[in-house]
Amino acid sequence: MIRYVKTILFVLLFFSTISEAETGSINLGPLGKETGDKKIYQNAYVEISNSFSSVLYNITVTESPSQKRVLFIDDFQSGQTFEMSFSKAGEYEICYSSEKRISSLRTCLKVDVIKAKLI
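In this text, all values refer to a predicted model and were calculated from it rather than measured experimentally. (Residues numbered from 1 in each chain as written. Predicted model: local features only at pLDDT ≥ 70, side-chain atom pairs only at ≥ 80, totals over all residues. Heavy atoms only, no water.)

Visitor: Looking at this structure, I do not really get the environment of Lys110. What am I missing?
Guide: Note that Lys110 resides in strand 8 (residues 106-114). Judged by its relative accessible area of 44%, Lys110 falls in the partly exposed class. The sequence separation of Lys110 and Glu93 amounts to 17 residues, and the corresponding C-alpha distance is 4.6 Å. Of note is the side chain of Lys110, whose polar atom sits 3.3 Å from the side chain of Glu93. (Helix = DSSP H or I, 4+ residues; strand = E, 2+ residues; numbered from the N terminus. Buried < 20%, exposed > 50% of the residue type's maximum accessible area, 1.4 Å probe, protein only. Polar contact = N/O pair within 3.5 Å; in protein donor to acceptor, adjacent residues only side chain to side chain.)

Visitor: Help me out: how do you make sense of the pairing of strand 7 (residues 90-97) in this one?
Guide: If a strand is regular, its side chains alternate between the two faces of the sheet. Among the 8 residues of strand 7, 6 are classified as buried, and the element is accordingly described as predominantly covered. Pairing analysis gives 6 bridges linking strand 4 (residues 56-64) to strand 7, with the strands arranged antiparallel. Bridge assignment links Glu63 to a residue of strand 7, and that residue is Tyr92. In terms of strand pairing, strand 7 meets strand 8 through 8 bridges, oriented antiparallel. Looking at strand 8, one finds that Cys95 is bridged to Cys108. (Pairing = 2+ DSSP bridges.)

Visitor: I'm lost on the sheet that holds strand 6 (residues 81-84) in this one. Help?
Guide: Each strand in a sheet pairs with another by means of backbone hydrogen bonds, the pair being arranged parallel or else antiparallel. Spatially, 3 strands are ordered 1-3-6 in an open sheet, and the strand pairing comes out mixed. Each edge of the open sheet is held by one strand with a lone partner, namely strand 1 (25-28) and strand 6. Neighbour-to-neighbour, the strand axes of this sheet turn through a mean angle of 20 degrees, independent of strand direction. Note that strand 1 and strand 3 (residues 46-50) share 4 bridges and pair parallel. Counted as the bridge partner of Ile26 is Ile48 from strand 3. (Axes fitted to C-alpha atoms, helices over the stretch in contact; angles between N-to-C directions.)

If you want it as structure tokens, here you go:
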């Protein structure tokens, strides 16, 4: 009986922790425009994809507020995806441009990387 209760409690705690973060994918594109902060778990792989019908340029992932660059991709083809994980909890930004010029207007998405914990 005690083992059964422990199992139920563990499952409830597990699912309450999972509900804090979102799925492991980030869509850069018009079809699934990301709004607000995206929450993902530390060390969990996240798939980042380009669903625009054109190339995205100067993809950068930076750690906030230090602005330390974690990743840079010169051009990201339409339909292309890559996976990455964040080893450090905190706030990050994923920014990109629709033009090759470095000085062109950039779109940024905030990502909040959280530690997985049992409640």
